Amino acid sequence: MTEKIGFLGLGHMGGPMAANLVKAGYDVAAFDPAPAARDKAREDGATVVDTAAAAATGRDVVITMLPNGKLVLDVYADLLPAANPGTLFIDCSTIDVADAKAAADLATAAGHRALDAPVSGGVAGAAAGTLTFMVGGEAADFAAGLAVLEVMGGKVVHCGGAGVGQAAKICNNMLLGVSMVALSEALVLGEKLGLSHQSFFDVVSTASGQSWALTSYCPVPGPVPTSPANNDYQPGFATALMTKDLGLAANALRDNGVDGALGALAAEIYTRFNQDNAGRDFSAIVTDVRNRSTREGAQ
Ligand code: NAD
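Residues numbered from 1 in each chain as written. Predicted model: local features only at pLDDT ≥ 70, side-chain atom pairs only at ≥ 80, totals over all residues. Heavy atoms only, no water.

A look at the packing of helix 12 (residues 261-277) against helix 13 (residues 285-292)
Running from amino to carboxyl end, helix 12 crosses helix 13 at an angle of 90°, the nearest separation of the two axes being 11 Å. Of the possible angle classes, the one that applies to helix 12 and helix 13 is roughly perpendicular. Facing helix 12, whose interface residues are Ile269, Tyr270, Arg272 and Phe273, helix 13 presents Ile285, Thr287, Asp288 and Arg292. Grouping the amino acids of the contact of helix 12 with helix 13 by side-chain chemistry returns 4 nonpolar, 1 polar and 3 charged. (Axes fitted to C-alpha atoms, helices over the stretch in contact; angles between N-to-C directions. Helix = DSSP H or I, 4+ residues; strand = E, 2+ residues; numbered from the N terminus. Parallel < 35°, antiparallel > 145°, perpendicular 65-115°, else oblique. Contact = heavy atoms within 4.5 Å. Nonpolar A, V, L, I, M, F, W, Y, C, P; charged D, E, K, R; others polar.)

In C-alpha coordinates form, the structure reads like this:
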(Lines give C-alpha, C1' and ligand atoms only; values in the text may rest on other atoms or scores of the structure.)
Protein backbone atom coordinates (compact mmCIF):
# COMPACT_ATOMS: atom_id res chain seq x y z
CA MET A 1 0.00 0.00 0.00
CA THR A 2 1.22 3.52 -0.81
CA GLU A 3 1.66 5.10 2.57
CA LYS A 4 2.45 8.78 2.20
CA ILE A 5 0.12 11.22 0.56
CA GLY A 6 0.35 15.01 0.11
CA PHE A 7 -3.01 16.76 -0.26
CA LEU A 8 -3.47 20.38 -1.42
CA GLY A 9 -6.82 22.16 -1.46
CA LEU A 10 -8.93 21.27 1.58
CA GLY A 11 -12.17 22.99 0.57
CA HIS A 12 -15.70 21.62 0.17
CA MET A 13 -14.44 18.64 -1.82
CA GLY A 14 -10.80 18.24 -0.83
CA GLY A 15 -11.46 18.43 2.91
CA PRO A 16 -13.65 15.32 3.10
CA MET A 17 -11.57 13.49 0.46
CA ALA A 18 -8.43 13.97 2.57
CA ALA A 19 -10.36 12.92 5.69
CA ASN A 20 -11.35 9.64 4.00
CA LEU A 21 -7.70 8.92 3.18
CA VAL A 22 -6.75 9.45 6.83
CA LYS A 23 -9.60 7.14 7.90
CA ALA A 24 -8.31 4.48 5.52
CA GLY A 25 -4.91 4.56 7.24
CA TYR A 26 -2.86 6.77 4.92
CA ASP A 27 -0.34 9.25 6.30
CA VAL A 28 -1.64 12.55 4.86
CA ALA A 29 0.38 15.81 4.79
CA ALA A 30 -2.14 18.53 3.98
CA PHE A 31 -1.83 22.14 2.84
CA ASP A 32 -4.35 24.93 2.28
CA PRO A 33 -3.79 28.67 2.79
CA ALA A 34 -7.24 29.06 4.44
CA PRO A 35 -6.99 28.78 8.25
CA ALA A 36 -10.47 27.21 8.67
CA ALA A 37 -9.64 24.47 6.15
CA ARG A 38 -6.35 23.78 7.93
CA ASP A 39 -8.06 23.54 11.35
CA LYS A 40 -10.64 21.10 10.01
CA ALA A 41 -7.96 18.92 8.37
CA ARG A 42 -6.03 18.84 11.67
CA GLU A 43 -9.21 17.74 13.49
CA ASP A 44 -9.67 15.02 10.85
CA GLY A 45 -6.22 13.63 11.62
CA ALA A 46 -4.07 14.99 8.78
CA THR A 47 -0.64 16.49 9.41
CA VAL A 48 -1.06 20.11 8.37
CA VAL A 49 2.06 21.66 6.84
CA ASP A 50 2.93 25.33 6.29
CA THR A 51 3.84 25.43 2.61
CA ALA A 52 2.74 23.75 -0.59
CA ALA A 53 6.25 22.36 -1.11
CA ALA A 54 6.20 20.69 2.31
CA ALA A 55 3.09 18.74 1.27
CA ALA A 56 5.07 17.18 -1.60
CA THR A 57 8.32 16.46 0.21
CA GLY A 58 8.91 12.73 0.76
CA ARG A 59 5.40 11.75 -0.46
CA ASP A 60 4.51 8.83 -2.73
CA VAL A 61 1.36 10.48 -4.12
CA VAL A 62 0.44 14.18 -4.26
CA ILE A 63 -3.23 15.08 -4.79
CA THR A 64 -4.51 18.54 -5.72
CA MET A 65 -8.17 19.67 -5.47
CA LEU A 66 -8.08 23.35 -6.46
CA PRO A 67 -10.48 25.90 -7.94
CA ASN A 68 -8.89 26.43 -11.38
CA GLY A 69 -6.17 25.47 -13.85
CA LYS A 70 -3.95 28.52 -13.34
CA LEU A 71 -3.71 27.68 -9.65
CA VAL A 72 -2.88 24.04 -10.43
CA LEU A 73 -0.04 25.11 -12.74
CA ASP A 74 1.23 27.69 -10.20
CA VAL A 75 1.16 25.15 -7.37
CA TYR A 76 2.88 22.50 -9.52
CA ALA A 77 5.80 24.94 -9.95
CA ASP A 78 6.32 24.72 -6.16
CA LEU A 79 5.53 21.02 -5.78
CA LEU A 80 7.49 19.38 -8.60
CA PRO A 81 11.00 20.40 -7.48
CA ALA A 82 10.20 19.43 -3.87
CA ALA A 83 9.00 15.88 -4.62
CA ASN A 84 11.05 12.68 -4.82
CA PRO A 85 11.64 11.51 -8.44
CA GLY A 86 8.78 9.34 -9.68
CA THR A 87 6.14 10.78 -7.34
CA LEU A 88 2.61 10.23 -8.64
CA PHE A 89 0.75 13.56 -9.05
CA ILE A 90 -3.04 13.26 -9.21
CA ASP A 91 -4.98 16.43 -10.01
CA CYS A 92 -8.67 16.03 -9.12
CA SER A 93 -9.63 19.67 -9.84
CA THR A 94 -11.99 20.44 -12.74
CA ILE A 95 -9.86 22.46 -15.17
CA ASP A 96 -9.34 23.11 -18.89
CA VAL A 97 -8.20 20.09 -20.89
CA ALA A 98 -5.28 22.21 -22.13
CA ASP A 99 -4.23 23.06 -18.55
CA ALA A 100 -4.53 19.39 -17.53
CA LYS A 101 -2.20 18.37 -20.39
CA ALA A 102 0.22 21.18 -19.47
CA ALA A 103 0.26 20.05 -15.83
CA ALA A 104 0.96 16.44 -16.87
CA ASP A 105 3.74 17.60 -19.21
CA LEU A 106 5.37 19.64 -16.42
CA ALA A 107 5.20 16.70 -14.03
CA THR A 108 6.66 14.18 -16.46
CA ALA A 109 9.37 16.62 -17.62
CA ALA A 110 10.39 16.90 -13.94
CA GLY A 111 10.71 13.09 -13.70
CA HIS A 112 7.35 12.41 -12.04
CA ARG A 113 4.15 10.59 -13.05
CA ALA A 114 0.79 12.31 -13.54
CA LEU A 115 -2.94 11.64 -13.74
CA ASP A 116 -5.87 14.01 -14.26
CA ALA A 117 -8.76 12.64 -12.19
CA PRO A 118 -11.72 15.04 -12.00
CA VAL A 119 -14.77 13.87 -10.11
CA SER A 120 -18.53 13.89 -10.12
CA GLY A 121 -20.70 13.27 -7.10
CA GLY A 122 -20.42 16.59 -5.30
CA VAL A 123 -19.80 17.31 -1.64
CA ALA A 124 -22.06 14.45 -0.52
CA GLY A 125 -20.07 11.98 -2.65
CA ALA A 126 -16.79 13.38 -1.33
CA ALA A 127 -17.95 12.88 2.26
CA ALA A 128 -19.32 9.39 1.61
CA GLY A 129 -16.30 8.25 -0.44
CA THR A 130 -18.56 7.49 -3.40
CA LEU A 131 -17.21 9.92 -6.01
CA THR A 132 -16.86 8.91 -9.65
CA PHE A 133 -13.31 9.53 -10.90
CA MET A 134 -12.68 10.10 -14.62
CA VAL A 135 -8.99 9.47 -15.11
CA GLY A 136 -6.53 10.45 -17.85
CA GLY A 137 -2.92 9.26 -18.01
CA GLU A 138 -0.69 6.24 -18.67
CA ALA A 139 -2.16 2.80 -17.84
CA ALA A 140 0.70 2.00 -15.44
CA ASP A 141 0.17 5.27 -13.55
CA PHE A 142 -3.57 4.60 -13.40
CA ALA A 143 -2.83 1.18 -11.89
CA ALA A 144 -0.48 2.82 -9.36
CA GLY A 145 -3.10 5.36 -8.27
CA LEU A 146 -6.15 3.09 -8.28
CA ALA A 147 -6.06 2.01 -4.60
CA VAL A 148 -5.91 5.62 -3.41
CA LEU A 149 -8.71 6.72 -5.75
CA GLU A 150 -10.88 3.79 -4.66
CA VAL A 151 -10.73 5.05 -1.05
CA MET A 152 -12.36 8.32 -2.17
CA GLY A 153 -14.57 6.97 -4.93
CA GLY A 154 -17.24 4.41 -5.71
CA LYS A 155 -16.31 4.24 -9.39
CA VAL A 156 -12.95 4.91 -11.05
CA VAL A 157 -12.80 4.90 -14.87
CA HIS A 158 -9.60 5.08 -16.93
CA CYS A 159 -10.71 7.21 -19.89
CA GLY A 160 -7.47 7.54 -21.88
CA GLY A 161 -4.25 9.54 -21.97
CA ALA A 162 -3.37 12.84 -20.30
CA GLY A 163 -6.29 15.29 -20.27
CA VAL A 164 -8.89 12.70 -21.29
CA GLY A 165 -10.32 12.49 -17.75
CA GLN A 166 -11.08 16.22 -17.96
CA ALA A 167 -12.54 15.63 -21.43
CA ALA A 168 -15.01 13.09 -20.01
CA LYS A 169 -16.00 15.48 -17.24
CA ILE A 170 -16.70 18.47 -19.48
CA CYS A 171 -18.48 16.40 -22.16
CA ASN A 172 -20.82 14.99 -19.49
CA ASN A 173 -21.47 18.35 -17.86
CA MET A 174 -22.00 20.11 -21.19
CA LEU A 175 -24.62 17.50 -22.03
CA LEU A 176 -26.24 17.95 -18.60
CA GLY A 177 -26.31 21.76 -18.93
CA VAL A 178 -27.80 21.60 -22.42
CA SER A 179 -30.39 19.00 -21.39
CA MET A 180 -31.42 20.99 -18.30
CA VAL A 181 -32.02 24.11 -20.41
CA ALA A 182 -33.92 22.09 -23.04
CA LEU A 183 -36.01 20.36 -20.37
CA SER A 184 -36.78 23.71 -18.73
CA GLU A 185 -37.97 25.16 -22.03
CA ALA A 186 -40.21 22.13 -22.63
CA LEU A 187 -41.65 22.34 -19.09
CA VAL A 188 -42.45 26.05 -19.43
CA LEU A 189 -43.99 25.46 -22.86
CA GLY A 190 -46.10 22.70 -21.30
CA GLU A 191 -47.22 25.10 -18.55
CA LYS A 192 -48.35 27.61 -21.19
CA LEU A 193 -50.25 24.88 -22.99
CA GLY A 194 -52.02 23.64 -19.87
CA LEU A 195 -49.93 20.50 -19.29
CA SER A 196 -49.39 19.80 -15.59
CA HIS A 197 -45.89 19.00 -14.32
CA GLN A 198 -47.03 15.55 -13.20
CA SER A 199 -48.61 14.71 -16.57
CA PHE A 200 -45.47 15.98 -18.34
CA PHE A 201 -43.38 13.73 -16.09
CA ASP A 202 -45.62 10.68 -16.47
CA VAL A 203 -45.40 10.86 -20.26
CA VAL A 204 -41.88 12.12 -20.93
CA SER A 205 -40.11 9.99 -18.30
CA THR A 206 -41.02 6.89 -20.32
CA ALA A 207 -41.00 8.49 -23.78
CA SER A 208 -38.22 9.53 -26.16
CA GLY A 209 -37.63 12.88 -24.42
CA GLN A 210 -36.55 11.10 -21.22
CA SER A 211 -33.34 12.29 -19.53
CA TRP A 212 -31.48 12.05 -16.21
CA ALA A 213 -32.30 15.74 -15.68
CA LEU A 214 -36.00 14.81 -15.67
CA THR A 215 -36.10 11.44 -13.95
CA SER A 216 -33.49 12.05 -11.22
CA TYR A 217 -33.25 15.81 -10.92
CA CYS A 218 -36.63 17.18 -12.04
CA PRO A 219 -36.33 21.01 -12.00
CA VAL A 220 -39.92 21.60 -10.78
CA PRO A 221 -41.27 20.48 -7.38
CA GLY A 222 -43.41 17.34 -7.15
CA PRO A 223 -42.54 14.54 -9.53
CA VAL A 224 -39.11 13.67 -8.02
CA PRO A 225 -39.34 14.46 -4.29
CA THR A 226 -35.56 14.36 -3.72
CA SER A 227 -34.70 16.96 -6.38
CA PRO A 228 -33.45 20.43 -5.27
CA ALA A 229 -36.60 22.04 -6.74
CA ASN A 230 -38.46 20.67 -3.69
CA ASN A 231 -36.02 22.47 -1.39
CA ASP A 232 -36.15 25.98 -2.86
CA TYR A 233 -33.23 25.10 -5.19
CA GLN A 234 -30.65 24.66 -2.44
CA PRO A 235 -27.71 22.93 -4.15
CA GLY A 236 -27.20 20.15 -5.11
CA PHE A 237 -24.93 21.36 -7.83
CA ALA A 238 -24.54 25.13 -7.65
CA THR A 239 -25.12 27.31 -10.71
CA ALA A 240 -21.59 28.75 -10.20
CA LEU A 241 -20.07 25.29 -10.72
CA MET A 242 -22.23 24.47 -13.75
CA THR A 243 -21.30 27.85 -15.24
CA LYS A 244 -17.61 27.12 -14.68
CA ASP A 245 -17.87 23.67 -16.31
CA LEU A 246 -19.81 25.01 -19.31
CA GLY A 247 -17.12 27.68 -19.73
CA LEU A 248 -14.47 24.93 -19.83
CA ALA A 249 -16.59 23.03 -22.37
CA ALA A 250 -17.02 26.17 -24.51
CA ASN A 251 -13.23 26.69 -24.47
CA ALA A 252 -12.70 23.09 -25.55
CA LEU A 253 -15.29 23.39 -28.34
CA ARG A 254 -13.52 26.48 -29.65
CA ASP A 255 -9.96 25.13 -29.21
CA ASN A 256 -10.87 21.94 -31.08
CA GLY A 257 -12.90 23.52 -33.87
CA VAL A 258 -16.13 21.75 -32.89
CA ASP A 259 -19.37 23.30 -34.16
CA GLY A 260 -21.00 23.10 -30.72
CA ALA A 261 -23.78 25.65 -31.02
CA LEU A 262 -25.87 24.28 -28.14
CA GLY A 263 -22.92 23.83 -25.77
CA ALA A 264 -21.77 27.40 -26.42
CA LEU A 265 -25.34 28.71 -25.99
CA ALA A 266 -25.81 26.83 -22.71
CA ALA A 267 -22.58 28.45 -21.46
CA GLU A 268 -24.00 31.90 -22.35
CA ILE A 269 -27.37 31.15 -20.75
CA TYR A 270 -25.78 29.99 -17.49
CA THR A 271 -23.25 32.85 -17.44
CA ARG A 272 -26.15 35.32 -17.49
CA PHE A 273 -28.17 33.36 -14.90
CA ASN A 274 -25.10 33.01 -12.66
CA GLN A 275 -24.85 36.79 -12.16
CA ASP A 276 -27.66 36.78 -9.57
CA ASN A 277 -28.07 33.06 -8.85
CA ALA A 278 -24.58 31.66 -8.31
CA GLY A 279 -25.50 29.87 -5.07
CA ARG A 280 -28.77 28.33 -6.28
CA ASP A 281 -28.97 24.86 -7.74
CA PHE A 282 -28.41 24.84 -11.52
CA SER A 283 -31.89 23.35 -12.07
CA ALA A 284 -33.32 26.76 -11.01
CA ILE A 285 -32.68 27.76 -14.64
CA VAL A 286 -36.34 26.73 -15.17
CA THR A 287 -37.39 29.76 -13.12
CA ASP A 288 -35.32 31.98 -15.42
CA VAL A 289 -36.93 30.50 -18.52
CA ARG A 290 -40.35 31.08 -16.91
CA ASN A 291 -39.53 34.64 -15.81
CA ARG A 292 -38.15 35.58 -19.20
CA SER A 293 -41.16 34.18 -21.08
CA THR A 294 -43.82 36.66 -22.12
CA ARG A 295 -47.28 36.39 -20.60
CA GLU A 296 -48.90 36.42 -24.04
CA GLY A 297 -47.59 34.72 -27.15
CA ALA A 298 -46.80 36.55 -30.39
CA GLN A 299 -49.92 38.12 -31.91
P1 NAD B 1 -13.42 25.21 -2.68
O2 NAD B 1 -13.29 26.62 -3.11
O3 NAD B 1 -14.34 24.85 -1.57
O4 NAD B 1 -11.97 24.64 -2.26
C5 NAD B 1 -10.77 25.00 -2.91
C6 NAD B 1 -9.70 25.07 -1.82
O7 NAD B 1 -8.42 25.31 -2.45
C8 NAD B 1 -9.91 26.22 -0.84
O9 NAD B 1 -9.95 25.72 0.50
C10 NAD B 1 -8.71 27.13 -1.06
O11 NAD B 1 -8.26 27.81 0.12
C12 NAD B 1 -7.69 26.11 -1.54
N13 NAD B 1 -6.52 26.71 -2.19
C14 NAD B 1 -6.44 27.85 -2.92
N15 NAD B 1 -5.15 28.05 -3.28
C16 NAD B 1 -4.42 27.01 -2.80
C17 NAD B 1 -3.04 26.66 -2.84
N18 NAD B 1 -2.15 27.43 -3.49
N19 NAD B 1 -2.65 25.52 -2.23
C20 NAD B 1 -3.52 24.74 -1.57
N21 NAD B 1 -4.85 25.04 -1.47
C22 NAD B 1 -5.29 26.16 -2.09
O23 NAD B 1 -13.76 24.37 -4.00
P24 NAD B 1 -14.41 22.91 -4.09
O25 NAD B 1 -15.90 23.03 -4.15
O26 NAD B 1 -13.75 22.03 -3.09
O27 NAD B 1 -13.94 22.48 -5.57
C28 NAD B 1 -12.61 22.06 -5.83
C29 NAD B 1 -12.55 21.57 -7.27
O30 NAD B 1 -13.46 20.48 -7.42
C31 NAD B 1 -12.93 22.62 -8.31
O32 NAD B 1 -12.08 22.48 -9.42
C33 NAD B 1 -14.38 22.25 -8.65
O34 NAD B 1 -14.76 22.66 -9.95
C35 NAD B 1 -14.35 20.74 -8.51
N36 NAD B 1 -15.64 20.11 -8.21
C37 NAD B 1 -16.44 20.62 -7.23
C38 NAD B 1 -17.67 20.00 -6.95
C39 NAD B 1 -18.57 20.54 -5.87
O40 NAD B 1 -19.72 20.08 -5.79
N41 NAD B 1 -18.12 21.46 -5.01
C42 NAD B 1 -18.06 18.88 -7.69
C43 NAD B 1 -17.20 18.35 -8.65
C44 NAD B 1 -15.99 18.99 -8.91
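So, the pairing of strand 5 (residues 88-91)
Side chains Leu88 and Ile90 project from strand 5 onto one buried face, and the interleaved Phe89 and Asp91 project onto a second face that is buried too. Relative to strand 5, strand 4 (residues 61-64) runs parallel, the two being bridged by 4 bridges. Among the inter-strand pairings, Val62 is bridged to a residue of strand 5, identified as Phe89. In this region the chain leaves strand 4, passes through helix 4 (residues 69-82) and returns to the parallel neighbour strand 5; the handedness of that crossover is right-handed. When strand 5 meets strand 6 (residues 113-116), the two strands line up parallel, connected through 4 bridges. Its bridge partner being in strand 6, Phe89 is matched across the sheet by Ala114. Tracing the backbone out of strand 5, into helix 5 (residues 97-109) and back to the parallel element strand 6 gives a crossover that is right-handed. (Buried < 20%, exposed > 50% of the residue type's maximum accessible area, 1.4 Å probe, protein only. Pairing = 2+ DSSP bridges. Right-handed = clockwise from strand over helix to strand, strands pointing away.)

Observations regarding the site of the ligand
In the vicinity of the ligand there are 22 residues, among which His12, Met13, Asp32, Leu66 and Lys244 approach most closely. Asp32 places a side-chain nitrogen or oxygen 2.7 Å from an oxygen atom of the ligand. Between the ligand and Thr94 there is a distance of 3.0 Å, counted from an oxygen atom to a backbone nitrogen or oxygen. Here the ligand loses 83% of its free accessible area of 830 Å² to cover by the protein chains. Every element with two or more residues in the shell around the ligand is listed here: helix 4, helix 6 (122-128) and helix 11 (239-255). Counted by class, the shell around the ligand contains 13 nonpolar, 6 polar and 3 charged residues. (Near = heavy atom within 4 Å. Polar contact = N/O pair within 3.5 Å; in protein donor to acceptor, adjacent residues only side chain to side chain. Areas by Shrake-Rupley, 256 points an atom, 1.4 Å probe, with all protein chains shown as cover.)

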